[in-house]
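Here is what each chain is made of, one letter per residue.
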Amino acid sequence: MLRLGKSYFMENIFKKAAELIEKADALIITAGAGMGVDSGLPDFRGNKGFWNEYPAIAHLGISFAEMANPHWFEENPKLAWAFYGHRYNLYKKTEPHTGFQLLLNWGKQKKHGYFVYTSNVDGHFQKAGFDANYVEEVHGSINYLQCSVPCNSEIREANDLVLEINNETFEAREPLPVCPECGAVARPNILMFGDWSWLSHRSGEQSRKFNTYLTNLKKSGLKPVIAELGAGKAVPTVRMKSERLAAEFETPLIRINPRDYHIPSYLKGIEIQANALEGLRGINAEMY
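Residues numbered from 1 in each chain as written. Predicted model: local features only at pLDDT ≥ 70, side-chain atom pairs only at ≥ 80, totals over all residues. Heavy atoms only, no water.

Help me understand the nonpolar core in this model?
For soluble globular proteins, the rule of thumb is that nonpolar side chains tend to be buried together. The biggest cluster of nonpolar side chains holds 33 residues, and the ones touching the most others in it are M35, L103, W106, F125, F130, I272 and I283. Secondary structure elements with two or more residues in this core: α1 (10-23), β2 (26-31), α7 (98-108), β3 (114-118), β10 (224-229), β11 (253-256), β12 (269-272) and α11 (276-284). Those residues in contact with L103 that sit more than four places away from it in its chain are L27, I29, M35, F125, F130, L229 and L280. If you look at the next biggest cluster of nonpolar residues, it comprises 31 residues, including M67, F83, L176 and M192. (Core = buried A, V, L, I, M, F, W, Y, C linked by side-chain atoms within 4.5 Å. Buried < 20%, exposed > 50% of the residue type's maximum accessible area, 1.4 Å probe, protein only. Helix = DSSP H or I, 4+ residues; strand = E, 2+ residues; numbered from the N terminus. Contact = heavy atoms within 4.5 Å.)

Please clarify how the packing of helix α9 (residues 201-219) against helix α10 (residues 237-249) should be interpreted in this entry.
For any two helices packed against each other, the geometry comes down to the angle between their axes and how far apart the axes lie. Packing of α9 against α10 leaves a shortest axis separation of 12 Å and a crossing angle of 25°. Classed by the angle they form, the pair α9 and α10 counts as roughly parallel. In this structure, α9 meets α10 at a crossing whose hand is right-handed. Contacts between α9 and α10 involve F210, L214, L217 and K218 from the former and K241, L245, E248 and F249 from the latter. Classifying every residue of the contact of α9 with α10 gives 5 nonpolar, no polar and 3 charged. (Axes fitted to C-alpha atoms, helices over the stretch in contact; angles between N-to-C directions. Parallel < 35°, antiparallel > 145°, perpendicular 65-115°, else oblique. Left-handed = near helix turned anticlockwise from the far one by under 90°. Nonpolar A, V, L, I, M, F, W, Y, C, P; charged D, E, K, R; others polar.)

Whenever I open this one, the pattern of salt bridges confuses me. Can you help?
Side chains that differ in charge, positive against negative, can pair when their charged atoms come close. Inspection of every chain in the model, using the stated rule, returns 7 salt bridges. E95 is the salt-bridge partner of K127, the closest N and O atoms lying 3.8 Å from each other. Here K127, found in helix α8 (residues 124-127), pairs with E95, found in the loop between α6 (77-93) and α7; they are 32 residues apart in sequence, far enough to count as distant. The closest approach of N and O atoms between E137 and R202, which form a salt bridge, is 2.9 Å. You can see E137 sitting in strand β4 (residues 135-137) and its partner R202 sitting in helix α9, a full 65 residues away along the chain. Here E137 matches R202 in class, with each residue buried. (Salt bridge = Lys/Arg side-chain N within 4 Å of Asp/Glu carboxyl O.)

Explain the environment of E11 here, please?
Along the chain, the position of E11 falls in helix α1. You can call E11 exposed: its relative accessible area is 58%. Spatially, the C-alpha atom of E11 lies 7.9 Å from that of E286, the residues being 275 residues apart in sequence.

Explain the packing of aromatic side chains to me, please; I cannot follow it from the model alone.
Each aromatic ring pair is characterised by the separation of its centres together with the angle its planes make. Counted according to the given criterion, the structure contains 14 aromatic pairs. Relative to Y84, the ring of F83 has its centre 4.8 Å away and its plane inclined at 65°; by these criteria the two rings are edge-to-face. With a centroid separation of 5.4 Å and 50° between ring planes, the pair formed by F115 and Y213 is classed as tilted. With F115 in strand β3 and Y213 in helix α9, the pair connects residues that are 98 residues apart, well separated along the chain. Here F115 matches Y213 in class, with each residue buried. Aromatic rings pair up to connect F100, Y114, F115, Y117, F125, F130, Y134, F210 and Y213 into one cluster. (Phe/Tyr/Trp six-rings, centres within 6.5 Å; stacked < 30°, edge-to-face > 60°.)

Given below as structure tokens:
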């Protein structure tokens, strides 16, 4: 197993990662919350990190897992939309860092292209220019709305959404988004904790496209490389997917993470202890 530490081996490790990407038939990108940190987005690592971002919620003693729960849209919709409205506004005004463009360039140079599998709900891969047909947002997207009941199965874009937050009381100002069918408060089409009302068919269709892509790679005997970025252990959805794909295709996993960078011993791969942007820049400097 090859590992990057703060040592003179860094350039050599970046070079080996670059060689794996160059030789691969396709690029599969898997990304967690750490991917957005270099863009200035919080990753809510632990309650302390969450409360630093939302001191009003810290005063209430509510954890991230407790706040990211659909019951708030019924019990306290102004608080719910203060939390999700703040995130929506933040994601909208934030530009994806240059590492996204590096990944997109690598993927476009592959004969068999790329596919993105992400737990992030910010829509930043599409914002950075990735084709939406080749992105699976496994936990949904904050850029889409659904009825909180739900009274119907409609998932609609939130393009015209305007949300004002009173930062003193940490409440969203009215009018709140509502379902056009029944008038109940709307909510983001995001999978939350303890969520039985999430409409999953948009993400399900993305998953179907990803599975078709993977099936076509297998049928053709092609070997992708897996590039994982910022996927931690707290919610291990992305890490598990990366490892499963690496095992299934018997192909290397490049895991870039400042803390949780270890790869299981039964897999081939390169461990890079770095933030996403640092790791991507290091690899890119050694390519082509």
